[in-house]
Amino acid sequence: MNLILHLSPEIEAKLLEQAALTGKAPEELALNALHEQLAVADHATSPLSAEEWVADLRQWVESHRRLPADADDSRASIYAS
C-alpha cells in the first residue's frame, strides 16, 4: 500500500533532524513511528510476552543516538573529593 502524508513544516523539520542524527532515512523513521504507534494500540489489549518486551526495549534503545563516549557514573565522579 502506498500512502501520501502531508506533514506540517514543524513535523517535517523534526523528522529530518532525527534522520540526520540517527543516519536513517526519513521514510524509515516515519514507518518505525507508525509501527510503534500501532503496537502501542495492540499492547493495550494484549500483554507482551517476555520476548516481545525485550525486542521492543532493544528497538527503543537502538532508536536513540549513541554518545561519543561512555558516561562516567562511578561514585567518584558523582561526589566531589
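Just so it is clear, the model here is predicted, and its values are computed rather than measured. (Residues numbered from 1 in each chain as written. Predicted model: local features only at pLDDT ≥ 70, side-chain atom pairs only at ≥ 80, totals over all residues. Heavy atoms only, no water.)

J.: Before we go on, may I ask you to explain the layout of surface pockets in this structure?
T.: To find the voids left in a structure, one rolls a probe of water-molecule size over its atoms. The calculated volume of the largest pocket comes to roughly 390 Å³. Taken together, L3, L5, L7, I11, K14, L15, P26, E27, A30, L31 and L34 make up the lining of the largest pocket. Of all elements in the fold, only α1 (9–22) and α2 (26–45) reach the threshold of two or more residues within the lining of the largest pocket. Residue composition of the lining of the largest pocket, grouped by class: 9 nonpolar, no polar and 2 charged. By volume, the second largest pocket amounts to about 250 Å³. L15, Q18, T22, K24, L29, N32, A33, E36, Q59, W60, E62 and S63 together form the lining of the second largest pocket. Taken together, the elements giving at least two residues each to the lining of the second largest pocket come down to α1, α2 and α3 (50–62). Per-element accounting of the lining of the second largest pocket gives the leading share, 4 residues, to α2. (1 Å grid on protein atoms, 1.4 Å probe; cavity = no way out; pocket = protein on both sides within 12 Å on 5 of 7 lines; lining within 4 Å. Points joined across faces, edges and corners; volume = space filled by probe spheres on them. Helix = DSSP H or I, 4+ residues; strand = E, 2+ residues; numbered from the N terminus. Nonpolar A, V, L, I, M, F, W, Y, C, P; charged D, E, K, R; others polar.)

J.: What am I meant to see in the pattern of salt bridges here?
T.: One side chain can pair with another of opposite charge once the charged atoms of both are near each other. If you walk through the whole model with that rule in mind, you get 1 salt bridge. Residues E62 and R66 are paired through a salt bridge, measuring 3.1 Å at the closest nitrogen-oxygen approach. On the accessibility criterion, E62 (46% relative accessible area) is partly exposed. Residue R66 is classed as exposed on the basis of its relative accessible area of 63%. (Salt bridge = Lys/Arg side-chain N within 4 Å of Asp/Glu carboxyl O. Buried < 20%, exposed > 50% of the residue type's maximum accessible area, 1.4 Å probe, protein only.)

J.: It is not clear to me how a nonpolar patch on the surface should be interpreted in this structure. Could you clarify?
T.: On the surface, L48, W53, V54, L57, W60 and V61 cluster together into a nonpolar patch covering about 550 Å² of accessible area. Structurally, the position occupied by V61 is in helix α3. Using a relative accessible area of 40% as the deciding quantity, one classes V61 as partly exposed. (Patch = residues over 30% accessible without salt bridge, like charges linked within 9 Å, V, L, I, M, F, W, Y side chains within 5 Å. Areas by Shrake-Rupley, 256 points an atom, 1.4 Å probe, with all protein chains shown as cover.)

J.: Whenever I open this one, the environment of N2 confuses me. Can you help?
T.: Note on placement: N2 falls in the segment before α1. By relative accessible area, which is 81% here, N2 ends up exposed. Residues N2 and E62, spaced 60 residues apart in sequence, show a C-alpha to C-alpha distance of 26 Å.

J.: Is there a simple way to explain a negative patch on the surface in this structure?
T.: Side chains of E36, E51, E52 and D56 sit close together on the surface and give a patch of like negative charge. The biggest single contributor to the negative patch is α3, with 3 residues. Within the secondary structure, E51 is located in helix α3. (Lys, Arg positive; Asp, Glu negative; His and termini not counted. Charge placed at Lys NZ, Arg CZ, Asp CG, Glu CD.)

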